[in-house]
Amino acid sequence: MILKETAVKVANAYKANSKVEAIYIAGSLSREWEDEYSDIELNICWSESPGDEDRKSVINELNGSIIDFHEYEEEEWSESYEVDGAKIEISSFLTETILKKIQRVTKEFRIDIEDQSIAASIHYGIPLYGEEVLDGLKAKVLVYPESLSSNMINAHLDFGPRWKHRHTLLDREDWLMFYSLLTGTQEKVMGLLFGLNCMYVHHPAYKWQKQSLDLMNIKPDRINERLESVFLSTPAAGLQELEGVIEDIERLIDEKDTSL
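These numbers were taken from a predicted model, which means no experiment stands behind them. (Residues numbered from 1 in each chain as written. Predicted model: local features only at pLDDT ≥ 70, side-chain atom pairs only at ≥ 80, totals over all residues. Heavy atoms only, no water.)

### A closer look at the overall build of the chain
Check the secondary structure of the chain and you find 12 helices and six strands. When its C-alpha atoms are laid out on the principal axes, the chain stretches across 60 × 40 × 30 Å. Every one of the 260 residues in the chain was classed for burial, and the buried ones make up 48%. For the chain, restricting intrachain contacts to residue pairs at least 6 apart in sequence, the fraction spanning at least 24 positions comes to 63%. For the chain, the accessible area works out to roughly 13,300 Å², and carbon and sulfur atoms hold 48% of it. Averaging the positions of the 27 positive and the 49 negative side-chain charges in the chain gives two centres separated by 3 Å. (Helix = DSSP H or I, 4+ residues; strand = E, 2+ residues; numbered from the N terminus. Buried < 20%, exposed > 50% of the residue type's maximum accessible area, 1.4 Å probe, protein only. Contact = heavy atoms within 4.5 Å. Areas by Shrake-Rupley, 256 points an atom, 1.4 Å probe, with all protein chains shown as cover. Lys, Arg positive; Asp, Glu negative; His and termini not counted. Charge placed at Lys NZ, Arg CZ, Asp CG, Glu CD.)

### Some points on the sheet that holds strand E2 (residues 40–46)
On the basis of which strands lie adjacent, the open sheet formed by six strands has the order E3-E4-E5-E2-E1-E6 and mixed pairing. At either end of the open sheet lies a strand with only one pairing partner, and these are strand E3 (65–73) and strand E6 (126–129). Strand-to-strand twist of the sheet, defined as the mean angle between neighbouring strand axes without regard to direction, takes the value 20°. Two elements, E2 and strand E5 (residues 86–94), share seven bridges in a ladder whose sense is parallel. Across the sheet, the residue bridging to Leu42 is Ile90, located in E5. Relative to E5, helix H4 (residues 95–106) is tilted by about 80°, and along the sheet it contacts strand E1 (20–26), E2 and E5. Seen against the sheet, helix H5 (residues 113–124) touches E1, E2, E5 and E6 and runs at an angle of roughly 90° to E1. (Pairing = 2+ DSSP bridges. Axes fitted to C-alpha atoms, helices over the stretch in contact; angles between N-to-C directions.)

### Quick word on unusual backbone geometry
Positive phi, normally seen in glycine, also occurs at Glu75, with a value near 70°. Within the fold, Glu75 resides in the loop between E3 and strand E4 (76–83). Given the relative accessible area of 25%, Glu75 is considered partly exposed. One non-glycine residue, Tyr206, adopts positive backbone phi at about 55°. Among the structural elements, Tyr206 can be located in the loop between helix H9 (175–196) and helix H10 (209–215).

### Brief notes about the pairing of E3
Across six bridges, the pairing between E3 and E4 is antiparallel. If you follow Ser65 over to E4, its bridge partner there is Glu82. In textbook terms, the turn of a hairpin is the stretch between consecutive antiparallel strands, and for E3 and E4 this stretch comprises two residues, one of which, Glu74, has a positive phi near 50°.

### Observations concerning the packing of aromatic side chains
Evaluated as defined, the whole model comprises eight aromatic pairs. Both rings, one in Phe159 and one in Trp163, keep their centres 6.0 Å apart while their planes meet at 45°; by these two values the pair is tilted. Site record: aromatic cluster; members linked through ring pairs are Trp175, Phe178 and Tyr179. Its guanidinium or amino end placed over the ring of Trp33, Arg31 lies 5.5 Å from that ring's centre, counting from NZ or CZ. Positioned above the aromatic ring of Phe69, the side-chain terminus of Lys56 is 4.7 Å from the ring centre. (Phe/Tyr/Trp six-rings, centres within 6.5 Å; stacked < 30°, edge-to-face > 60°. Lys NZ or Arg CZ within 6 Å of the ring centre and 35° of its normal.)

### A word on a negative patch on the surface
Taken together, the side chains of Glu247, Glu250, Asp254, Glu255 and Asp257 present a region of like negative charge at the surface. Mapping Glu250 onto the fold places it in helix H12 (residues 235–259). (Patch = residues over 30% accessible without salt bridge, like charges linked within 9 Å, V, L, I, M, F, W, Y side chains within 5 Å. Salt bridge = Lys/Arg side-chain N within 4 Å of Asp/Glu carboxyl O.)

### Re H9
Between its terminal C-alpha atoms H9 stretches 31 Å, which fits the 32 Å expected from 22 residues at 1.5 Å a residue. Cys198 sits one or two residues past H9 and shows a positive phi near 55°. (Expected span 1.5 Å × (residues − 1).)

### Observations concerning the side chain of Ser229
Mapped onto the secondary structure, Ser229 falls in helix H11 (residues 223–232). Residue contacts for Ser229: discarding those within four places in its chain leaves Gly238 and Glu241.

### Section: the packing of H5 against helix H6 (residues 131–141)
At their nearest, the axes of H5 and H6 sit 9 Å apart, and the two run at 120° to each other. As far as their axial angle goes, H6 and H5 are oblique. The interaxial crossing formed by H5 with H6 has left-handed handedness. Here Ala119, Ile122, His123 and Tyr124 of H5 lie close against H6, whose contacting residues are Leu134, Leu137, Lys138 and Val141. In the contact of H5 with H6, the residues fall into six nonpolar, one polar and one charged. (Parallel < 35°, antiparallel > 145°, perpendicular 65-115°, else oblique. Left-handed = near helix turned anticlockwise from the far one by under 90°. Nonpolar A, V, L, I, M, F, W, Y, C, P; charged D, E, K, R; others polar.)

Purely geometric numbers; function is a separate question.
Structure representation (structure tokens):
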């Protein structure tokens, strides 16, 4: 509750700027996944590009302490600062940029994870200002396209050439490459499950893995426990478990294809 109260305080400082069209809570706080380590993620939609003064004047008004302040990069302005003991993570976008990102995901069916992360943040976002603008954006991501699901599945079914040599790496005890392979393969598994369940990926590194899996309806039995054991059991047992998970997911994909 304290984090949300601080979020409202910060949003009130931004909404005084006429360039700001909407502000919403993103990240773990918007999904009620926050814990004692969580910060406050706010996404801000602007009608025109914010200048440094637009961004820094709010921090000064809040008596905030700047942690990072980045110039425009990859269609985003970002900064982080501390207010009332809480870390504030700001991501600013032109509203038209967000619309383009949504278009690429929902109409062109591109699997770009950064664009999906924006779609996911809109879907779960808690509005603090500009509710009508956010409602319009939410309507555009309400239905997850079946073609996007197919593209996600097709893109993540390829585990790469190293997967074929997994047992060689195990026998050689080449642990750095072995666990790098297991990590990358588990990321592929997560991509498959997000696509299979028609869910936008909310973080490029699949942060909050357990909570994401709990939201899914189509998944192998005991999936959280099994993916955890990939890293916590012996190397041979972990690899065997991951192979079993992949086999189960491939069956689920076949069942979905059969039902269509």
